[in-house]
Amino acid sequence: MADSSDIAFDPDATQVDAVVIGAGFGGLYSVHKLRNEMGLTVQAFDTATGVGGTWYWNRYPGARSDTEVTAYCYSFDKDLFNEWNWTQRYPLQPEILAYLNHVADRYDLRRSYQFETTITGTRWNEETGRWEVVTGDGRHYAARFLVEGVGLLSSTNVPDFPGLSSFAGESYHTARWPKDGVDLKGKRVALIGTGSTGVQVAVSIAPEVEHLSVFQRHAQWTVPAQHRPIAPDFLDFIKANYDEYWESVRQSASAFGIHESDQLAASATPEEQEEAFEKQWNSGGGFQFMLGVYADVVADRDANKAATDFIARKIREIVKDPETARLLTPDELYAKRPLCDDGYYAIFNRDNVELVDVKAHAIAEITPRGIKTADGVEREFDVIILATGFDAFTGNYLKFPQYGRDGVSLADKWAERPLAWESITAAGFPNWFMIFGPFPPFTNQPPAHEFQVNYIAALIKHAIDTGAKSIEVKGDVELSFVETCDELYNTTLFAVTDSWINGTNIPGKPRACMVNVAGMRGHVAALRQSEADGYPEFIVDGASVNA
Ligand code: N01
């Protein structure tokens, strides 16, 4: 059986102040903060050939952000904000990747990275107070601090379809899309999955493929994105009120830079509700539709039904075939990560697009020619696209063994459910930090990453200034934080709706709350209080419990 002794402490390991894993929003900013601002020696790694994280991997057709881009970027340098000109409110993947490459160049971050390098294990060395970090090419690093920005949604979920490897055509998971693209023109394409990714892919490729079969297990509620350029006066407003704007993002629940309603749905008449939903439908945005019309859509079943009744009517209006409209209408609450699209329901009016009901007839096997469903029907394809999502929150932290104090593995610590504090660290793992790990505020990520990295950097500085060998969150603090997260989460409809938010998308993964519904403002308040109070949540130079 694997145990911590599998990772040997190498006396010749390269000594650094910090190892950073990941070259996405969080990892890049960590390198800038720790190396450029604090003067630490930093070695960073990423499996990819370049920077970008999520935006490096997700190159599938139609990939774009659905966050107001004025809040989907860094805020730490006003000059960076001013000099980068986003072309539209919801930018496509190449534009976001170009931005992150620009950031890497502007702050000279690449020289700290070793790309195409997978971490194969990490282990805390009690004696030296350092993390042994081992890479796929067999190198050892001994780092005083370990910062992992490995991504919330990075560990791909490829369902165990019998026969997948026997397929004679091409098949791709959307988050491992080839860099040179895939020519889908004139091809017969199967798309499995109808989450945020599947919906974007479907709309993007429907006009160019010969035939598209969308394999849908659970329908999802989606509303129009309504793409448009960023209003110039809004940009001017941000530039003129820069600090206030970003603080307002941090003081919101979702950090999306959107209006968040404080009105309860019950305070409006059905006619007023219809008018309000219609207005938001025409203005666009998934999070805006979920959070911006009424405050209780994700907490109150009647408010939720008001929203879903409205979308169901829209589906019936848009989709000409009543049976397809029925199948596209979810029989679930509107309480997954909200979707928005660029004309998703309308593609099912096309002659070359078919909806396959996988709930009625599951995918039985992938054959060399295509996909066979449980009703015995075999459809033939040239390409199969797996838009089947991710092992969220924990998947990427558990891809390689990580051993904390006393050789306890992270996999064992999280076997029943993840335990962590404020999504940045975990008890038993000294000098070990995550960026947006389990229990993050359920928010737009870049502002949260930036805020977390600032906190982690301040904590590292505190440890260095006080000469602490180790700094580690207290177990009781972690437990009480997780209990509070559970309580808050159980007041929401996310708790009773299956999705990656509670781990139910991965067979065998324990169903659990993994988010902090206190939101960005709650998270910010907690971390600011911790810093102001001198980090009372942490044990300094705590001993091994077995010592
Ligand atoms: O993944 P998902 P995603 N047989 O888990 C289906 C972010 N993101 O990649 O619902 C058949 O949501 C599964 O079916 P079901 C965003 O946070 C953002 O789409 O489990 N089907 C579902 O339809 C998002 O929420 C952006 O029944 C199977 C789909 O695969 C997150 O990433 C864009 C199956 C997976 O949906 C994940 O989105 C893209 C099986 N065995 C992604 N297994 C934007 O910013 C799974 N499925 C816009």
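Our subject is the structure listed above.
Counting of residues starts from 1 at the beginning of each chain's written sequence and follows it residue by residue. Reporting in this predicted model follows two pLDDT cut-offs: at least 70 for local features of residues, and 80 or more for side-chain atom pairs to be given and counted; totals over whole chains, interfaces and linings ignore these cut-offs and use all residues. For side-chain calculations, the full set of non-hydrogen atoms in the structure is used, while hydrogens and water are omitted.

### What about the overall build of the protein?
Rules: A run of H or I in DSSP becomes a helix once it reaches four residues, and a run of E becomes a strand once it reaches two; helices and strands are each numbered from the N terminus. We compute the radius of gyration over the C-alpha atoms and compare it with the globule rule, which gives 2.2 Å times the number of residues raised to the power 0.38. Between buried and exposed lies partly exposed: a residue is buried under 20% and exposed over 50% of the maximum accessible area for its type, with that area taken using a 1.4 Å probe on protein chains only. By the convention used here, residues are in contact when the closest approach between their heavy atoms is within 4.5 Å.
Looking only at helices and strands, one finds 16 helices and 20 strands in the protein. Over its C-alpha atoms the protein spans a radius of gyration of 24 Å, differing by no more than 12% from the 24 Å that the globule rule assigns to 547 residues. Summarising its shape, the C-alpha atoms of the protein cover approximately 70 × 55 × 45 Å along the three principal directions. Scored against the burial criterion, the 547 residues of the protein give a buried share of 58%. A separation of at least 24 residues holds for 74% of the contacts in the protein among residues at least 6 apart in sequence.

### Section: the sheet that holds strand β16 (residues 383–386)
Heads up, the rule is: If DSSP finds at least two bridges between two strands, the strands pair. Axis definition: a line fitted to C-alpha atoms, over the contacting stretch in the case of helices. Angles run 0 to 180 degrees between N-to-C directions.
Spatially, the 5 strands line up as an open sheet ordered β7-β16-β8-β9-β12, and their pairing is parallel. Among the strands making up the open sheet, the edge pair consists of β7 (170–173) and β12 (353–357). Neighbouring strand axes in the sheet, compared pairwise and without regard to direction, differ in orientation by 20 degrees on average. The pairing of β7 with β16 spans 4 bridges and is classified as parallel. By the bridge assignment for β16, S171 is matched with I384. This element, helix α5 (residues 196–205), spans β8 (188–192), β9 (211–216) and β16 of the sheet and lies at about 160 degrees to β8.

### Concerning the sheet that holds strand β15 (residues 378–380)
With antiparallel pairing, 3 strands are arranged side by side in an open sheet as β13-β14-β15. Strands with a single pairing partner mark the edges of an open sheet, and in this sheet they are β13 (363–366) and β15. Recorded for the sheet is a direction-independent mean angle of 25 degrees between the axes of neighbouring strands. Two strands pair when backbone bridges link them, and β13 and strand β14 (residues 370–373) are joined in this way by 3 bridges, in the antiparallel orientation. Paired with I366 across the two strands is I371, which belongs to β14.

### Some thoughts on the environment of D79
Within the secondary structure, D79 sits in helix α3 (residues 78–83). What makes D79 partly exposed here is its relative accessible area of 48%. Considered as a pair, D79 and K239 are 160 residues apart in the sequence and their alpha carbons are 10.0 Å apart.

### Focus on the nonpolar core
One broad trend across soluble globular proteins is that nonpolar side chains are buried collectively. To keep it simple, the criterion reads: Throughout, nonpolar core names a set of buried Ala, Val, Leu, Ile, Met, Phe, Trp, Tyr and Cys residues whose side chains join them through atoms within 4.5 Å.
In terms of nonpolar packing, the biggest core is built from 157 residues, with Y99, L212, I311 and Y344 touching the most fellow members. Sorting elements by how many residues they give to this core places helix α14 (residues 445–466) first, with 9 residues. Residues in contact with I311, not counting those within four places in the same chain, are W221, T222, V223, W281, F289, Y334 and Y345. F161, F167, V358 and I363 belong to the second-largest nonpolar core, a separate cluster that totals 14 residues.

### Describing helix α1 (residues 25–37)
Filter applied, for reference: Expected helix span is computed as 1.5 Å times (number of residues minus one).
Between its first and last C-alpha atoms α1 spans 17 Å; for 13 residues at 1.5 Å apiece the expected length is 18 Å, and the two agree. In terms of burial, α1 is largely enclosed, as 11 of its 13 residues are buried. Among the residues of α1, those classed as buried are F25, G26, G27, L28, Y29, S30, V31, H32, K33, L34 and R35.

### Focus: the site of the ligand
What counts here: What makes a residue near a molecule or strand is one non-hydrogen atom of that residue sitting within 4 Å of it. Residues adjacent in sequence count toward polar contacts only when both atoms are side-chain atoms; beyond that, a polar contact is any pair of N or O atoms within 3.5 Å, and within protein one must be able to donate a hydrogen and the other to accept it. All accessible areas in this document rest on Shrake-Rupley with a 1.4 Å probe, and a residue is counted as covered only by the protein chains that are shown. Each residue receives one of three labels: charged for Asp, Glu, Lys and Arg, nonpolar for Ala, Val, Leu, Ile, Met, Phe, Trp, Tyr, Cys and Pro, and polar for the others, Gly being one of them.
Close contacts around the ligand come from 22 residues, with T194, T197, R217, H218 and W500 the closest. Contacts to the ligand include T194, whose backbone N or O atom sits 2.8 Å from an oxygen atom. With respect to the ligand, the backbone of S196 contributes an N or O atom lying 3.1 Å from an oxygen atom. Starting from 910 Å² of accessible surface for the ligand in isolation, the protein chains cover 87%. A breakdown of the residues in the shell around the ligand according to their chemical character gives 8 nonpolar, 10 polar and 4 charged.

### Quick notes on the packing of α14 against helix α16 (residues 519–532)
Quick reminder of the rule: Angular relationships are summarised with four words: roughly parallel below 35 degrees, roughly antiparallel beyond 145, roughly perpendicular across 65 to 115, and oblique for the angles in between.
Their axes nearest at 11 Å, the elements α14 and α16 cross at an angle of 10 degrees. Between α14 and α16, the crossing angle belongs to the class labelled roughly parallel. Facing P447, A448, F451, Q452, Y455 and A458 of α14, the residues of α16 in contact are M520, H523, V524, L527, R528, S530 and E531.

### Side note on the pattern of salt bridges
Using the following cut-off: Whenever a carboxyl oxygen of Asp or Glu lies within 4 Å of a side-chain nitrogen of Lys or Arg, that contact is scored as a salt bridge.
Under the definition given, this model contains 29 salt bridges. Note that E278 and K314 form a salt bridge whose closest N and O atoms lie 2.9 Å from each other. Of the two residues, E278 is situated in helix α8 (residues 270–283) and K314 in helix α10 (residues 301–318); the sequence distance between them amounts to 36 residues. Of the residues examined, K314 reaches a relative accessible area of 10% and is grouped as buried. The shortest N-O distance in the salt bridge between E478 and K413 comes to 2.8 Å. Taken together, the residues E478 in helix α15 (residues 475–489) and K413 in helix α13 (residues 410–413) connect sequence positions 65 residues apart. The same class applies to E478 and to K413, which are both buried. Through salt bridges with shared partners, a single ionic network connects R188, R369, E378, E380 and D382.

### Observations regarding α10
Compared with the 26 Å implied by 1.5 Å per residue over 18 residues, the 25 Å span of α10 between its first and last C-alpha is a close match. Every buried residue of α10 is accounted for by A303, N304, A306, A307, T308, F310, I311, A312, K314 and I315. One side-chain oxygen at the N-terminal end of α10 lies 3.0 Å from the backbone nitrogen of D302; it belongs to D300.

### Quick word on unusual backbone geometry
You will see that D108, though not glycine, has its phi angle at about 55 degrees, which is positive. As for its placement among the helices and strands, D108 is situated in the loop between α4 (93–106) and β3 (113–114).

### Some thoughts on the side chain of T492
Structurally, T492 can be placed in the loop between α15 and α16. On the basis of relative accessible area, T492 is assigned to the buried category, the value being 8%. A polar atom in the side chain of T492 sits 3.3 Å from the backbone nitrogen of F494. Ignoring sequence-local partners within four residues, the contact set of T492 consists of V298, A299 and V517.

### Thoughts on the packing of aromatic side chains
Under the convention used in this document: Classification of ring pairs rests on two measures: the distance between centres of Phe, Tyr or Trp rings, Trp counted by its six-membered ring, which must be within 6.5 Å, and the angle between planes, read as stacked under 30 degrees, edge-to-face over 60 and tilted in between. In our convention, an over-ring charge means Lys NZ or Arg CZ found within 6 Å of a ring centre and within 35 degrees of that ring's normal.
By the definition in use, this model includes 44 aromatic pairs. One aromatic cluster is present, formed by F25, Y29, W55, Y72, Y74, F76, W84, W86, Y99 and Y107 through successive ring pairs. Over the aromatic face of Y56 sits the side chain of R59, whose NZ or CZ is 4.7 Å from the ring centroid. Over the face of the ring belonging to W57 we find R176, whose NZ or CZ atom lies 4.0 Å from the ring centre.

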